[in-house]
Amino acid sequence: MKKLIFAGLLSLLLPHKVAAQPFQEVSYTPEKTQFALFAPNDAKRVTLRIYQQGLDGKAVKTVKMKRTANELWTATVRGDLMGKFYTFDVGLGECPGVFAKAVGVNGKRGAIIDLAKTNPEGWAQDRHPVCKSPADLVIYEMHHRDFSIAREDAQYKGKFIALTESWVIAHLKQLGVNAIHILPSYDYGSVDETRLADNKYNWGYDPVNYNVPEGGYSTDPYQPEVRIREFKQMVKALHDAGIRVILDVVYNHTYDIEHSNFQRTYPDYFYRKTADGQYSNGSGCGNETASDKPMMRKFMLESVKYWINEYHIDGFRFDLMGVHDIETMNQIRAMVDTIDPTIFIYGEGWSAGSCAYPQEQLAMKAHITKMPAIAAFSDEIRDALRGPFSDDTVTGWIGGKDEAESIKFGIAGAIAHPQVDMTKVNYAKEPWALEPVQMISFVSCHDDMCLVDRLKASVPGLQSSNGQLSNSQMDELIRLDLLAQTAVFTSQGVPFMLSGEELLRDKKGVHNSFESPDEINHLDWSNLTKYPQVFTYYKNLIQLRKNHPAFRLGNADLVRKHLEFLDMPEGVVAFRLKNFAGRDDWRDIIVVLNANKADTEVSIPEGCYTIVCCDGQINEQGLGTLQGNKAVVDPQSALIIH
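Computed from a prediction, not measured in an experiment: that's the story for all the values here.

About the cut-offs
Residues numbered from 1 in each chain as written. Predicted model: local features only at pLDDT ≥ 70, side-chain atom pairs only at ≥ 80, totals over all residues. Heavy atoms only, no water. Helix = DSSP H or I, 4+ residues; strand = E, 2+ residues; numbered from the N terminus. Buried < 20%, exposed > 50% of the residue type's maximum accessible area, 1.4 Å probe, protein only. Expected span 1.5 Å × (residues − 1). Contact = heavy atoms within 4.5 Å. Pairing = 2+ DSSP bridges. Axes fitted to C-alpha atoms, helices over the stretch in contact; angles between N-to-C directions. Salt bridge = Lys/Arg side-chain N within 4 Å of Asp/Glu carboxyl O. Core = buried A, V, L, I, M, F, W, Y, C linked by side-chain atoms within 4.5 Å.

### A short note on unusual backbone geometry
Part 1: Although it is not a glycine, Asp268 sits at a positive phi angle of roughly 70°.
Part 2: Mapped onto the elements, Asp268 comes out in the loop between helix 4 (261-265) and helix 5 (294-311).
Part 3: Here the phi dihedral of Asp448 falls at roughly 70°; this positive angle occurs in a residue that is not glycine.
Part 4: Here Asp448 lies in the loop between strand 18 (439-441) and helix 9 (451-458).
Part 5: Residue classification places Asp448 among the buried residues on the basis of a relative accessible area of 3%.

### Points about helix 10 (residues 471-489)
Part 1: If you check helix 10, its first and last C-alpha atoms are 27 Å apart, about what 19 residues at 1.5 Å a residue would give, namely 27 Å.
Part 2: Burial within helix 10 is extensive, with 15 of its 19 residues counted as buried.

### Overview of helix 6 (residues 326-339)
Part 1: Over its 14 residues, helix 6 extends 20 Å from the first C-alpha to the last, a length consistent with the 20 Å expected when each residue adds 1.5 Å.
Part 2: Within helix 6 the residues assigned to the buried category are Ile326, Thr328, Met329, Gln331, Ile332, Arg333, Met335 and Val336.
Part 3: At its buried positions, helix 6 is contacted by helix 5, strand 15 (315-318) and strand 16 (344-347).

### With respect to the sheet that holds strand 17 (residues 375-377)
Part 1: In space, the eight strands of this closed barrel follow the order 10-11-14-15-16-17-18-19, with parallel pairing throughout. Averaged over all pairs of adjacent strands, the angle between strand axes in this sheet comes to 30°, irrespective of strand direction.
Part 2: Taken together, the two bridges between strand 18 and strand 19 (residues 494-498) define a ladder with parallel strand orientation. Residue pairing in the sheet places Ile440 in a bridge with Val494 of strand 19.
Part 3: Together, strand 10 (139-142), strand 11 (179-182) and strand 19 form the strand contacts of helix 2 (residues 166-175), whose direction differs from that of strand 10 by roughly 140°.

### Concerning the pattern of salt bridges
Part 1: Taken as a whole, this structure holds 34 salt bridges when the rule is applied.
Part 2: Lys298 is the partner of Glu302 in a salt bridge, and the nearest nitrogen-oxygen pair spans 3.7 Å. Taken as a pair, Glu302 and Lys298 lie in helix 5 at a separation of four residues, close to a single helical turn.
Part 3: We classify Glu302 as buried; its relative accessible area is 4%.
Part 4: Accessibility expressed as a relative area gives 0% for Lys298, which makes it buried.
Part 5: For Arg386, the salt bridge is made with Asp448, and the minimal N-O distance between the two is 2.7 Å. Here Arg386, found in helix 7 (residues 379-386), pairs with Asp448, found in the loop between strand 18 and helix 9; they are 62 residues apart in sequence, far enough to count as distant.
Part 6: Each of Arg382, Asp383, Arg386, Asp392, Asp448 and Arg454 takes part in a single network of salt bridges with overlapping partners.

### Digging into the environment of Pro460
Part 1: Topologically, Pro460 is positioned in the loop between helix 9 and helix 10.
Part 2: Once the C-alpha coordinates of Pro460 and Thr395 are considered, the two residues, 65 residues apart in sequence, prove to be 8.0 Å apart.
Part 3: Once residues within four sequence positions are removed from consideration, Pro460 is found in contact with Thr395, Gly399 and Lys597.

### As for the nonpolar core
Part 1: Judged by nonpolar contacts, the single largest core of 147 residues is most densely connected at Tyr140, Phe147, Leu172, Phe231, Tyr251, Phe316 and Phe318.
Part 2: Tyr28, Leu48, Trp73 and Val77 belong to the second-largest nonpolar core, a separate cluster that totals 22 residues.

### A closer look at the environment of Leu528
Part 1: Positionally, Leu528 belongs in helix 12 (residues 527-530).
Part 2: Separated by 72 residues in the primary sequence, Leu528 and Thr600 place their C-alpha atoms 31 Å from one another.
Part 3: Other than its neighbours up to four places away in sequence, Leu528 contacts His171, Leu503 and Phe535.

Below, the structure is given as structure tokens:
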């Protein structure tokens, strides 16, 4: 009879004596189930327990596992275990091991299920939506709960399958985004799945079971199949709409050490320590994992592969990628390329503290040139536009600070460009991307203040004693919001936006809302009718980028050939995409970004132009014409002409 594999690892032949060992493998047939665990050779006793249910109740069978190879412990249980639960115990407490593929409520026990029965109708025919280049992506970062919890017509508020509902698909398609970056969606630790009525909130950067969807986003966390099936339904609905799904992965640390599945199966193997024997804390969360160790590297490779094969994931965002080593990231990229080279990989090119590993070997932003086809976020363009991460009250270029060179660096895609003076760029002092698609262009994300809150906190004249802005202040806020995003979406990097920015989202000024209540984090859908001009501008701006390949050349040599920065007065950044860049229908496109509070006259190449963006309006059919070598740009807005 064909063997069904439900929880385990395929063997990757990595160059290390333990690399062929599985972490654990649960191989099921109706006659028997075989269990295997990666654990220390000197473990005094390794125990397998079988349970009838996912929480509570005594074990119905206890089996002493045997060491059958180097760091490999195995056991065979006769009889049909379908629907049963299991734990491993090396003497530090029970856990489902490190690679459970199904779990009971709160992820305490692994589950034996038939994964094939979790596939929604048509799953075998599901495919990655077409993406010829990462430059074609428009990434929308979303938290499951934020997005749907306050939507009146949502049937499954805060759940995976909310994203299958017609209103969601309609909104995303109308906006024009084609990739959804979902915040951590694996089983995480800070929300009690038995008390979901408490409405406890978390972003999910506290991993427990890396390869199982989070039960709190399912309609029934007690039934192991439900979260898996509903996650797949979500992916399929988005794929059917032509939208890719990117998973936020947090391999750099665990929720804690003592209770982690890593520590409970092989103490201290999976974590880095400092020279004095303390746990290193490059994650800022109390620990950091050791991607450089063969079995941690293998775990990451197998996990990424599993999410692609089982859940049809289209991309991965690596949290604190700078904690991982370059070699591991390159091996992941190479492995993914054998499956589908269009799967996009990017991450945070930094750590949250110093790591117990040589800095020059870590996957930092400065080392992106050593990681072809992996991208990183550009804090240069983000902080140049709105102000530094280190101080919410300090403004950036849109509030009057001279950060033009940093913005030019971001517009070019963090590559070497002859017109960018690296000595004047805020952070990087040399180009860090080989290709523009290695740079994520953004001005806000889940971390830090959202754009509206940051503008209110830092731009002179937008502060209010009672939190309410006057009509003129709101007008200025909206102008600056749209101006900042115009820089992002006309840049040569891969554009990225936080969900709800198209609704003029705010989070009541909360800087770090990782466990703030829904009152802070929810999207206010009434803003669609309050500020319709904001959604319309975002939609048209995204469509402009999609319709014109000049904005997404995807190649450094083409960018240097066709992107020319124009000399501008202070407070203005402008560039020309010339000579049918990217075989665009428009011969020359000029983008002028004016942060000044007054009309500003600028010099442009002589010509007869059609205006497609002016004073907060975008219309590709034309808003008027312009002739000559001068243009007047409205205050705090963008002018785009061709």
